[in-house]
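Okay, here's what each chain looks like letter by letter:
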Amino acid sequence: MKEKVLEILKSVRQDVDFSTATALIDDGILDSFDIISIVSDLNDAFDVDITADELEPENFNTVDAIVKLIGSL
């Protein structure tokens, strides 16, 4: 699952090393347009429905946080 998440993230922002980044939202690496694209791709890839309630910075600050979010859905 983590590899697929990394693939999705890299398709949106090829210039970021997501395997080492730890504050994607807090440091402004990802903006709102990036998040919309990522959420759409995650919903399709993992057959989940990420809702507005889950669009919290802590759910998208790291790859592991995104994987944890998907696992909980």
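See the structure shown above.
All values reported here derive from a predicted model rather than from experimental measurement.

K.L.:
Teacher, can you tell me more about the pattern of salt bridges here?
P.N.:
Close approach of charged atoms allows side chains with opposite charge to pair. By the definition in use, this model includes four salt bridges. Linking Asp 64 and Lys 2 is a salt bridge whose minimum nitrogen-to-oxygen distance equals 3.0 Å. Here the residue Asp 64 occupies a position in helix H4 (residues 63-72), and Lys 2 occupies one in helix H1 (residues 2-12), the gap between them amounting to 62 residues. You can call Lys 2 partly exposed: its relative accessible area is 38%.

K.L.:
How should H1 be read in this particular structure?
P.N.:
Note that an α-helix has 3.6 residues per turn; residues three or four places apart therefore point the same way. Within the span of H1, buried status applies to Val 5, Leu 6, Ile 8 and Leu 9. Summarising the axial view, the buried residues of H1 lie within an arc of 160 degrees, below the 170-degree limit, and thus occupy one face. In this fold, the buried residues of H1 make contact with helix H2 (32-46) and H4.

K.L.:
What is the right way to read the environment of Gly 28 from this model?
P.N.:
When you line up the elements, Gly 28 lands in the loop between H1 and H2. Separated by 18 residues in sequence, Gly 28 and Lys 10 place their C-alpha atoms 16 Å apart.

K.L.:
Before we go on, may I ask you to explain the side chain of Glu 54 in this structure?
P.N.:
Looking at the element boundaries, Glu 54 is found in the loop between H2 and helix H3 (57-60). The side chain of Glu 54 is buried and forms no salt bridge, while Lys 68, the nearest opposite charge, is found at 13 Å. Those residues within four positions of Glu 54 in sequence are excluded, and the remaining contacts are Asp 49, Asn 59, Phe 60, Leu 69 and Leu 73.

K.L.:
Explain the nonpolar core to me, please; I cannot follow it from the model alone.
P.N.:
In a soluble, globular protein the nonpolar side chains are often hidden away together inside. Among the nonpolar cores identified, the biggest contains 21 residues, and Val 5, Phe 18, Leu 42 and Phe 60 are the most heavily contacted of them. Within the residue set of this core, elements represented by two or more residues are H1, H2 and H4. With five residues, H4 is the largest single contributor of residues to this core. When residues no more than four places from it in sequence are discounted, the contact partners of Val 5 are Leu 42, Phe 46, Val 63, Ile 66, Val 67 and Ile 70.

K.L.:
Please clarify how H4 should be interpreted in this entry.
P.N.:
Every buried residue of H4 is listed here: Val 63, Ala 65, Ile 66, Val 67, Leu 69 and Ile 70. For H4, the elements touching its buried residues are H1, H2 and H3.

K.L.:
Any chance you could explain a negative patch on the surface here in plain terms?
P.N.:
On the surface, a cluster of negative charge is made up of Asp 26, Asp 27, Asp 53, Glu 56 and Glu 58. As for its placement among the helices and strands, Asp 26 is situated in the loop between H1 and H2.

Cut-offs and rules
- Residues numbered from 1 in each chain as written.
- Predicted model: local features only at pLDDT ≥ 70, side-chain atom pairs only at ≥ 80, totals over all residues.
- Heavy atoms only, no water.
- Salt bridge = Lys/Arg side-chain N within 4 Å of Asp/Glu carboxyl O.
- Helix = DSSP H or I, 4+ residues; strand = E, 2+ residues; numbered from the N terminus.
- Buried < 20%, exposed > 50% of the residue type's maximum accessible area, 1.4 Å probe, protein only.
- Arc of directions from axis to C-beta.
- Contact = heavy atoms within 4.5 Å.
- Lys, Arg positive; Asp, Glu negative; His and termini not counted.
- Core = buried A, V, L, I, M, F, W, Y, C linked by side-chain atoms within 4.5 Å.
- Patch = residues over 30% accessible without salt bridge, like charges linked within 9 Å, V, L, I, M, F, W, Y side chains within 5 Å.
- Areas by Shrake-Rupley, 256 points an atom, 1.4 Å probe, with all protein chains shown as cover.
- Charge placed at Lys NZ, Arg CZ, Asp CG, Glu CD.

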